[in-house]
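For reference, the chains in residue letters:
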Amino acid sequence: MTARKTIIFILILIFSIAAPSSVFADTPLNLIGNDKSYPLEKHFSYLIDDSGQMSLEQILSAETDSEFKPSAGRTLNVGVTDSACWVKFTLHNPENSVRDLVLELGTSTINSATLFIPNSTGGYSRKTTGDMYPIEERDFFHRKPCFSFQLGPQGTETLYLRLKTNAILETSLTILDRDHFLAGLPVEYLLLGMFYAAFIVAIAYNIFLFSSLKDFSRLLYVLYALIFCSLWIFIDGLWHMSGLSLQTFDQLTGARVANAGTWLTMVLFTSWFFNCRRNAPRLHLWFMFIAAWSLINIIMICILPLAEYKTPVRLVWVVSIPSVLFCAALFLKRGFMRARYFLAAWLLVLLGAAVIFMDMYLNIIPSTFISRYAWRIASVFEIILLSLALADRINELNRDKELAQNRALEAEQKLKEGLEEIVTERTKELKNANRKLKLLSQMDELTGLYNRRYFDLSLEREWKRMQRSKEQICLMMIDVDHFKSYNDTYGHQSGDTCLQSIAQSIRTGAGRSSDICARYGGEEFALILPSTDLPGGIAIAENIRMHIEKKHVPHTTDKGIVTASIGVAAITPDADTSPQQLVQLADKALYKSKQQGRNRTSYYAEAQDE
């Protein structure tokens, strides 16, 4: 009996798959009842125009009309194609009054959509819209392509829709009463506003925390949330509504770049969040490979159309999703409790994507508000859960700190019991850890020099000290010549190596322990020289400049090597001057070096200039 039921079930399944055309023929859509929205999934047929040149007259011919394929009860989805697609559907108005209707397309990235509407002369009127046309030319200022038209009383009309796009040719088709469509717009944009507000709040909150904690994983989270949010802006058609798509780049290119950027920042965030470099080195290398792959995808997307470059992008999805999930599961197994939020966030996103896929592409679940917005809802929860995961990471650090404090108290107790040696050793470890932590907060990670924040504090401190002792203080501003072109030519990794080499030259030139070397920003460095007059500063500057030049780091400039421009200024601090004036003088001197051909040293000193 069981085998018989199984055979019957298989036969029914095969029949349901093999014969959808007879079940879902393109029957006319009868606009009856109190419904204000009518999906066209069961009421249209379509034809692929491979040449893209067929006219309406050719489409209306009996020979071509027979080539239309029924929709089989599904949304229109013909994949990535350069061909045009013609859609035919018939509407019947059983009422005795004219119906004001709207045809709404569910996808915003349609390049060109032309609706052919029967007119009173027996011909067809046409309306054209799409993201290749100004938003002002649409019947409504709406994020999706839509058409307004009328259907006469007791009328039955067949309409034709021609679609062309460089993206995936997939869209839902819905007929709505005009008043119902307009009444729904405020609610639609209110929900969109709430959706983007959740992103903005999460991003702003974590930017604030990053400015305080300087946690790099939090910065990667902010970048991920920003790019993910921009992906939704392109998908929702808001980029086209802004009017920028026709002036800069189209929505499809923006969405493809944002998609690749989302995976780039996601794998980087995952690696830094779990500190894979230390805790799982091989996994860290794997994530760096995916990140490099995603970066290449971004570059290729800007060069090649979707039809010619889609497989590598999709492969990144296939590789990244299980890699991120595996990483979260691995660290959850190892006892990293913050992995709970991370894993839950990703499982929610996958669930939301599965729901919308089953609704829009497979049509195996009813189309409801929840199913249509499942991915959006899951995306908001993902952003919130990832933010909670970061907060839990801070809690773990606080717990570690508390544990360290408890160990210090325990060491103190053992000291009282006569275990002075053990306590001394542990206290030494704690001091070393604190010293390293303080040093890390003052250092630039790439170059090993002091960072901008420490530079500002040091300049203020040394300024006051020199003011008390009535000695001169000298400031040197150093800028790597043509560094942007160096980065563009040799890559950011070589650029980082170049900056490290420059930093080493500056350290070598600043021989005193009281001299303060700092990375001022980007390719610019600063050197504070207490108790140093202008001639002494110029001599040190020239020593540094020649040291950089003698390294002969290759460059594409006329000089052929990497060089640096230096500005030097010296002041005797008093009540009428300030550290900011010293910085301005050094900046002016640096600007003078650049104006005079770069690879040189210029100076300013109080009322004196070069």
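Residues numbered from 1 in each chain as written. Predicted model: local features only at pLDDT ≥ 70, side-chain atom pairs only at ≥ 80, totals over all residues. Heavy atoms only, no water.

A look at the overall build of the protein
Looking only at helices and strands, the protein features 20 helices and 19 strands. For the protein, whose C-alpha radius of gyration is 33 Å, the value lies well above the compact-globule estimate of 25 Å for 610 residues. Each of the three principal axes of the protein carries a C-alpha extent, and together these read 100 × 70 × 45 Å. The burial tally for the protein puts 45% of its 610 residues in the buried class. (Helix = DSSP H or I, 4+ residues; strand = E, 2+ residues; numbered from the N terminus. Rg over C-alpha atoms; globule rule 2.2 N^0.38 Å. Buried < 20%, exposed > 50% of the residue type's maximum accessible area, 1.4 Å probe, protein only.)

Some remarks on the nonpolar core
If you look at the biggest cluster of nonpolar residues, it comprises 57 residues, and the most contacted ones within it are F269 and F342. Breaking this core down by element, the ones donating at least two residues are α5 (178–213), α6 (216–235), α8 (251–273), α10 (281–301), α11 (311–333), α12 (339–360) and α14 (374–416). Beyond its immediate chain neighbours, meaning those up to four positions away, F269 contacts S217, L220, Y221, F342, L386 and L390. Membership of the second largest hydrophobic core comes to 28 residues, among which are L449, L499, C517 and A541. (Core = buried A, V, L, I, M, F, W, Y, C linked by side-chain atoms within 4.5 Å. Contact = heavy atoms within 4.5 Å.)

Structural notes on a nonpolar patch on the surface
A cluster of nonpolar residues, L348, L351, F369, I370, I377, F381, I384 and L388, forms a patch on the protein surface that exposes about 700 Å² of accessible area. Of all the secondary structure elements, the ones that give two or more residues to the nonpolar patch are α12, α13 (369–372) and α14. Here the element with the most residues in the nonpolar patch is α14; it accounts for 4 residues. Take F381: it is sitting in helix α14. (Patch = residues over 30% accessible without salt bridge, like charges linked within 9 Å, V, L, I, M, F, W, Y side chains within 5 Å. Areas by Shrake-Rupley, 256 points an atom, 1.4 Å probe, with all protein chains shown as cover. Salt bridge = Lys/Arg side-chain N within 4 Å of Asp/Glu carboxyl O.)

Brief notes about the sheet that holds strand β13 (residues 173–177)
Strand order across the open sheet formed by 4 strands is β2-β13-β7-β10, with antiparallel pairing between neighbours. Of all strands in the sheet, those with a lone pairing partner are β2 (37–39) and β10 (146–151), marking the two edges. Strand-to-strand, the axes of this sheet are offset by a mean angle of 25°, without reference to chain direction. Sheet topology places β2 next to β13; 3 bridges connect them, and they run antiparallel. Opposite S37, over in β13, you have L176 as the bridge partner. Sheet strands touched by α5: β2, β7 (99–105), β10 and β13. Its angle to β13, the strand with the most contacts, is close to 100°. (Pairing = 2+ DSSP bridges. Axes fitted to C-alpha atoms, helices over the stretch in contact; angles between N-to-C directions.)

With respect to the confidence of the model for the protein
Considering every residue of the protein, the mean pLDDT works out to 86; 90% of them sit at 70 or more. Under a pLDDT of 50 for its full length, residues 1–24 has, in the predicted model, 7 contacts with residues more than four places off or in other chains. (pLDDT = per-residue confidence, 0-100.)

What to know about the pairing of β7
Burial of β7 is extensive: 6 of the 7 residues sit out of reach of the surface. Bridge count between β7 and β10: 6 bridges; the pairing is antiparallel. Looking at β10, one finds that E104 is bridged to C146. Pairing of β7 with β13 involves 5 bridges; the strand directions are antiparallel. Residue L101 lies in a different strand from β13, and its bridge partner there is D177.

Some thoughts on the pattern of salt bridges
Summed over all chains, the structure comprises 18 salt bridges. In this structure, R545 and E542 form a salt bridge, with 2.9 Å as the shortest nitrogen-oxygen distance. You can see R545 and its partner E542 sitting in helix α19 (residues 534–550), 3 residues apart, about one turn around the helix. We classify R545 as buried; its relative accessible area is 11%. Each of K36, E95, R99 and D177 takes part in one network of salt bridges that share partners.

Concerning α8
Taking 1.5 Å of rise per residue, 23 residues should cover 33 Å, and α8 covers 31 Å from first to last C-alpha, within 8% of that figure. Counting buried residues along α8, 20 of its 23 residues qualify, which places the element largely inside the surrounding structure. Directly after α8, the chain includes N275, whose backbone phi takes a positive value near 50°. (Expected span 1.5 Å × (residues − 1).)

Some thoughts on the side chain of D444
In this fold, D444 is placed in the loop between α15 (420–442) and α16 (452–469). Of note is the side chain of D444, whose polar atom sits 3.3 Å from the side chain of R519. If near-sequence neighbours (up to four positions away) are discounted, D444 is found in contact with L449, Y450, N451 and R519. (Polar contact = N/O pair within 3.5 Å; in protein donor to acceptor, adjacent residues only side chain to side chain.)

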